[in-house]
Amino acid sequence: MYYDSVENKHGLKHDPFKALVAPRPIGWVSTVDNDGVLNLAPYSFFNAVSDRPHYVMFVSAKRKDSLRNIEANGEFTCSISTMDTRDGMNISSAPVEALADEFALADLETAPSHFVKPPRVARAPASLECKHWKTIELPDVSGDDGHFIVIGQVIGIYIDDAVIKDGIVDTASFRPLARMGYMDYAVVTPETAFSLGRPQVQEDGSVKIPEGEWDGVYR
Ligand SMILES: Cc1cc2nc3c(=O)[nH]c(=O)nc-3n(C[C@H](O)[C@H](O)[C@H](O)COP(=O)(O)O)c2cc1C
């Protein structure tokens, strides 16, 4: 099949877009409002967009509380959601009023951040502490409600020591969740994670996949 995605006449049961660009990591975004009320919500239009310096972004469909708090206070954290915390992550997405604290709603403990005011999810294996850089509103030819890319620089990173093995973060060990389309999710597990060396170009122009331990250089 093929369809005009501006008109979005896909003819399927549901819009397939999110099921195609999948899996997407989930940024579990915490913020505080001007009165210190905590806010927590998952965002799967989320990703790391640069690793030196470290930058992340997420997209708010309409002006949601997370975006409002970030624009008011300039700070947020992104905790990593995992298989173990999936129910809390899901409950924290409930469209409750701005004054509701989703940490309490989802029965999740907070842990203090080092560099920013919003706390992280205590049970998360890692959390990124971010300073807001810029919000970009996406132009939309169909004239729908605004979508806002929120970009922040990561200025502090928490990692649970338990997931560091021989100096390497064992990502699969904490079973990170990812969002697919519809109401579907994926999870990275030790069984599904694997490594692939980067191809190196030889003198004769052929490429070779290096064997043995990675030398730590991204190419
Ligand atoms: C796994 C998951 C991913 C989500 N991703 C997004 C997203 O990328 N953008 C968005 O606007 N809402 C997303 N939502 C919905 C928000 O979490 C929800 O609207 C929430 O109430 C927003 O909270 P806030 O108003 O406190 O920021 C997602 C929900 C779930 C469960």
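Residues numbered from 1 in each chain as written. Predicted model: local features only at pLDDT ≥ 70, side-chain atom pairs only at ≥ 80, totals over all residues.

Participant: In this structure, what is going on with the overall build of the protein chain? I would like to understand it.
Facilitator: From N to C terminus, the protein chain includes 4 helices and 16 strands. The principal-axis extents of the C-alpha atoms in the protein chain amount to approximately 60 × 50 × 30 Å. Classification of the 219 residues of the protein chain by burial places 26% in the buried group. (Helix = DSSP H or I, 4+ residues; strand = E, 2+ residues; numbered from the N terminus. Buried ≥ 20, exposed ≤ 12 C-beta atoms within 10 Å, placed from the backbone.)

Participant: Looking at this structure, I do not really get the nonpolar core. What am I missing?
Facilitator: As a rule of thumb, soluble globular proteins bury nonpolar side chains together. Ranked by size, the top nonpolar core spans 25 residues in total, and within it W28, V29, V56, F58, C78 and C130 carry the most contacts. Counting residues per element, the ones that place at least two in this core are β2 (27-32), β3 (38-43), β5 (54-61), α2 (65-73), β6 (75-80), β9 (126-137) and β10 (147-159). The contacts of C130, once residues within four sequence positions are left out, are V56, E75, F76, T77, C78, V116, G152, Q153, V154 and I155. (Core = buried A, V, L, I, M, F, W, Y, C linked by C-beta atoms within 7 Å. Contact = placed C-beta atoms within 7 Å.)

Participant: How should the sheet that holds strand β14 (residues 185-187) be read in this particular structure?
Facilitator: Pairing between the strands of a sheet comes from backbone hydrogen bonds, and it takes one of two forms, parallel or antiparallel. Overall, antiparallel pairing links the 3 strands, which are arranged β1-β13-β14 in an open sheet. The two strands at the open ends of the sheet, each matched to only one other strand, are β1 (24-25) and β14. (Pairing = 2+ DSSP bridges.)

Participant: Help me understand the sheet that holds strand β4 (residues 46-51) in this model?
Facilitator: As summarised here, the arrangement of the 7 strands in space is β3-β2-β6-β9-β10-β5-β4, forming an open sheet in which the pairing is antiparallel. At either margin of the open sheet sits one strand with a lone partner, and together these are β3 and β4. Neighbour-to-neighbour, the strand axes of the sheet open up by a mean angle of 35°, direction not taken into account. As defined by bridge partners, β9 adjoins β10 across 11 bridges and the pair is classed as antiparallel. The residue of β10 that forms the bridge with L128 is I157. Along the sheet face, α2 touches β2, β3, β5, β6, β9 and β10 and points at about 50° away from the line of β2. (Axes fitted to C-alpha atoms, helices over the stretch in contact; angles between N-to-C directions.)

Participant: Which parts of the structure should I look at to understand the site of the ligand?
Facilitator: If you check the shell around the ligand, you find 17 residues, and the closest are A41, F45, K64, D65 and S66. Among the elements of the structure, β3, β5 and α2 are those that each provide at least two residues to the shell around the ligand. Ranked by residues supplied to the shell around the ligand, first place goes to β3 with 4 residues. (Near = placed C-beta within 6 Å.)

Participant: I keep staring at α2 and nothing clicks. Help me out?
Facilitator: The periodicity of an α-helix, 3.6 residues per turn, causes residues three or four places apart in sequence to face the same way. For α2, the complete set of buried residues consists of D65, S66, L67, N69 and I70. Next to the buried residues of α2 lie β2, β3, β5, β6, β9 and β10. Backbone geometry just after α2 places G74 at a positive phi near 75°.

Participant: Is there a simple way to explain the environment of E7 in this structure?
Facilitator: Inspection of the secondary structure puts E7 in the segment before α1 (17-20). Separated by 134 residues in the primary sequence, E7 and V141 place their C-alpha atoms 9.8 Å from one another.

Participant: What exactly am I supposed to notice about the environment of A178 here?
Facilitator: If you trace the backbone, A178 turns up in strand β13 (residues 177-179). On the neighbour-count criterion, A178 (16 C-beta atoms within 10 Å) is partly exposed. On a C-alpha basis, the gap between A178 and E137 in space is 25 Å, while along the polypeptide they are 41 residues apart. Non-local contacts of A178, meaning those with residues more than four positions away in its chain, are made with P23, R24, P25, I26, Y185 and A186.

Participant: Can you help me understand the pairing of β6 in this one?
Facilitator: Along any regular strand, the residues point their side chains to alternate faces of the sheet. Among the 6 residues in β6, 6 count as buried, and that is most of the element. Alternating residues of β6 divide into E75, T77 and S79 and F76, C78 and I80, and every residue in both groups is buried. Where β6 and β9 come together, 5 bridges link them in antiparallel fashion. From the neighbouring strand, C78 faces β9, where its bridge partner is L128.

Participant: Got a minute to help me understand the pairing of β5 in this structure?
Facilitator: In this sheet, β5 lies alongside β4 in antiparallel orientation, the contact comprising 5 bridges. The residue of β5 that forms the bridge with F46 is F58. In this antiparallel pair of consecutive strands, β4 and β5, the connection spans 2 residues.

Participant: For this particular structure, what's the right way to read the environment of R219?
Facilitator: With respect to the secondary-structure elements, R219 resides in the segment after β16 (207-208). Note: C-alpha distance between R219 and P199 (20 residues apart in sequence) is 8.8 Å.

Treat this as a map of the structure, not an account of what it does.
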